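# Observations on the model geometry
Each chain is listed here by its residues.
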Amino acid sequence: MKEFKFVINGHEYTTAVNEIGQNLAEVTVNGTTFQVEIQKEETPKAAPRKTVTQAAQVVSNAQQSAGVQAVKSPLPGSIVKVNVKPGDKVQVGDELLTMESMKMENSIKSEVAGVVKTVLVEPGKNVMQDDKLLEIETASVAPQQEAPKAAPQPAPQPKPAPQPQAAPQPKAAAPADGVKVTSPLPGSVIKVMVTVGQAVKKGDTLLTLESMKMENAVMAEQDGVVKQIAVVAGQNVMQEDLLIVLG
């Protein structure tokens, strides 16, 4: 039995709960016993959960795959050339335009297949990073329902083939005296366009460098003669690494 004391409007009450049945209870207040009925609140039923079938999920994914893909500028720069126009069909890897940024020509390539919807830039226009260059409209693929396949039996795992050892990177020679051409970005050397002893003019392409999924042309900033080539094709370089020395 539990007793409780209350003060209501200055009057003191002593209450005790004597017995509790299924729906009844005896409550004594200041010596007077009352039989009270207990009302229980019904717990609301949970709403049925909606399940998404595999076929509906496939349709949803197919609908999301269709739409307009915006191609944005990865760096601030200036548009050099636009290779497509509205209505042109493009595939993954097609060159859409070239832009000059950080004294390099960068090739912007398509990452999706579709039809060019709008072209928002023209040669000579300056753009900032993340500016929209053009839009490509991609097509959706109708979903196909496949019959459930039996679970394949696990095949015996073959022994892993020995991994070929990477070829050692050539040791860089001490830089010669002259004007040093360094890498503006981290990346990988694709092709060296000059040889030692070759005369070059300002604006000539010395080598091409792949960085941030773009091909970048590293050009001579002055006339001169190639005195040293510090890299080879396929070599990875970091920003400010020495590439070529001009005399």
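The following refers to the structure shown. Residue indices follow the written sequence of each chain, beginning from 1 at its first position. Totals for whole chains, interfaces and linings use every residue, but because this is a predicted model, local features are given only for residues with pLDDT of at least 70 and side-chain atom pairs only at 80 or more, for both listing and counting. The basis for the side-chain values is all heavy atoms of the structure; hydrogens and waters are excluded.

It is worth spelling out the sheet that holds strand 6 (residues 77-82) at this point. Pairing in this open sheet of eight strands is antiparallel, and the strands run 11-6-8-9-17-16-14-19 from one edge to the other. At either margin of the open sheet sits one strand with a lone partner, and together these are strand 11 (126-127) and strand 19 (236-237). One requirement defines pairing of two strands: DSSP has to find at least two bridges between them. Think of it this way: any DSSP run of H or I at least four residues long counts as a helix, any run of E at least two long counts as a strand, and we number them from the N terminus. Inspection of the sheet shows strand 16 (residues 205-211) paired to strand 17 (residues 214-219) by six bridges, in the antiparallel sense. Its bridge partner lying in strand 17, Thr-208 is registered against Ala-217.

As for its placement among the helices and strands, Asn-30 is situated in the loop between strand 3 (24-29) and strand 4 (32-37). Judged by relative accessible area, Asn-30 falls into the partly exposed class, the value being 44%. Separated by 16 residues in the primary sequence, Asn-30 and Thr-14 have C-alpha atoms spaced 5.2 Å apart. The contact criterion used throughout is that any non-hydrogen atoms of two residues lie within 4.5 Å. Residues within four places of Asn-30 in sequence aside, it is in contact with Glu-12, Tyr-13 and Thr-14. Categorising residues by exposure relies on relative accessible area from a 1.4 Å probe, with only protein chains included: less than 20% of the type maximum marks a residue as buried, more than 50% marks it as exposed, and the intermediate range marks it as partly exposed.

Our focus in this paragraph is the environment of Glu-100. Take Glu-100: it is sitting in strand 8 (residues 95-101). In this structure Glu-100 comes out as partly exposed when scored by relative accessible area, which is 38%. Residues Glu-100 and Ser-78, spaced 22 residues apart in sequence, show a C-alpha to C-alpha distance of 5.2 Å. In contact with Glu-100, not counting residues within four places along its chain, are Gly-77, Ser-78, Val-80, Glu-105 and Asn-106.

The next subject is the sheet that holds strand 10 (residues 114-119). Judged by pairing direction, the sheet is antiparallel, and its four strands sit side by side in the order 5-12-10-7 without closing on themselves. Two strands close off the open sheet at either side, each with one partner strand: strand 5 (67-72) and strand 7 (89-90). Relative to strand 10, strand 7 runs antiparallel, the two being bridged by two bridges. Across the sheet, the residue bridging to Lys-89 is Val-115, located in strand 10.

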